[in-house]
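Here are the chains, one letter per residue:
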Amino acid sequence: MNKIALVFIAILGLTTFITGKMTPVTTAMADTNAINPNGSSELSLLMRQMHSHAAEARAAVAEKRNVAYPAAFLAINTAQPTDDETKNEHFEGFSKAYLQMLDNYIASTDENRIKNYNAVVYSCLSCHSSHCPGPVPKIKKLLLPEVFTD
Ligand code: HEC
């Protein structure tokens, strides 16, 4: 090990020691999922539920079953966002499309389940492209290949 590495480790150790003394670990570890240090907004929490629902629906495709969604999703327009400026005048158009796609998905048959499921994910992506681009890569991972459809 060279000298630079040793100095680096010493500085790292010292910083950990100092910050460790100033911030109790319990506070630093609280709500590690939160992107926002001030805590999670209603809309963020709802979005995480929506993501879980989509992930579950994705897994259920292989079992040829549809996954019902909770009524809480209907509150998408009134859930408080982290920042008031996050939502623009197109928000309700996008949320309406999402809820419509969810209802189509719920009514899916074995013939159109993959297509209807992907349509839900595309409706997430269209709102995110204009509102909150951060989670887009994560949402894209939900898409399923449509090899069995036309
Ligand atoms: C009508 C617009 C809209 C739709 C539709 C939408 N989102 Fe979001 N999403 C947002 C906004 C706005 C935020 C930022 C919320 C905030 O900062 O309070 C967000 C935040 C998120 C986050 C980050 C949550 C966090 O941890 O803070 C994820 C993940 C996410 N959305 C996934 C999804 C998925 C998956 C779907 C579809 C199943 C979806 N979104 C549909 C607008 C939308």
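Procedures and definitions
- Within any chain, residue numbers begin from 1 and follow the written order of that chain's sequence.
- Side-chain atom pairs in this predicted model are given and counted only at pLDDT of 80 or more, local residue features only at pLDDT of at least 70, and totals for whole chains, interfaces and linings cover all residues.
- As a rule here, side-chain values come from all non-hydrogen atoms in the structure, and water together with hydrogens is ignored.
- A helix here means a DSSP run of H or I that spans at least four residues, while a strand means a run of E at least two residues long, and both kinds are numbered starting from the N terminus.
- Only protein chains enter the accessibility calculation, which uses a 1.4 Å probe; a residue is then buried when its area is under 20% of its type maximum, exposed when over 50%, and partly exposed in between.
- Should any heavy atoms of two residues lie within 4.5 Å, those residues are counted as being in contact.
- Each accessible area value is a Shrake-Rupley result obtained with a 1.4 Å probe; residue values ignore everything except the protein chains displayed when judging cover.
- Any residue with a non-hydrogen atom lying within 4 Å of a molecule or strand is treated as near it.
- We define a polar contact as two N or O atoms separated by no more than 3.5 Å, with the added condition that, inside protein, one atom must be a possible hydrogen donor and the other a possible acceptor, whereas residues neighbouring each other in sequence contribute only through side-chain atom pairs.
- In this count, Pro and Cys sit with the nonpolar residues alongside Ala, Val, Leu, Ile, Met, Phe, Trp and Tyr, while Asp, Glu, Lys and Arg are called charged and the others, Gly among them, polar.

Next up on the list: the overall build of the protein. The secondary structure content of the protein amounts to six helices and zero strands. Considering the protein as a whole, with its 150 residues, one finds that 27% of them fall into the buried category. A separation of at least 24 residues holds for 63% of the contacts in the protein among residues at least 6 apart in sequence. Of the roughly 10200 Å² of accessible surface on the protein, a fraction of 63% belongs to carbon and sulfur atoms.

In this section: the site of the ligand. Ser41, Met47, Cys124, Cys127 and His128 are the nearest of the 23 residues found near the ligand. Contact between the ligand and Ser41: an oxygen atom at 2.6 Å from a side-chain N or O atom of the residue. Measuring from an oxygen atom of the ligand, one finds a side-chain N or O atom of Arg48 at 2.7 Å. Among the secondary structure elements, those contributing two or more residues to the shell around the ligand are α3 (42-61), α4 (91-106) and α5 (113-131). The element that contributes the greatest number of residues to the shell around the ligand is α3, accounting for six residues. Along the lines of polarity and charge, the residues of the shell around the ligand split into 14 nonpolar, eight polar and one charged.

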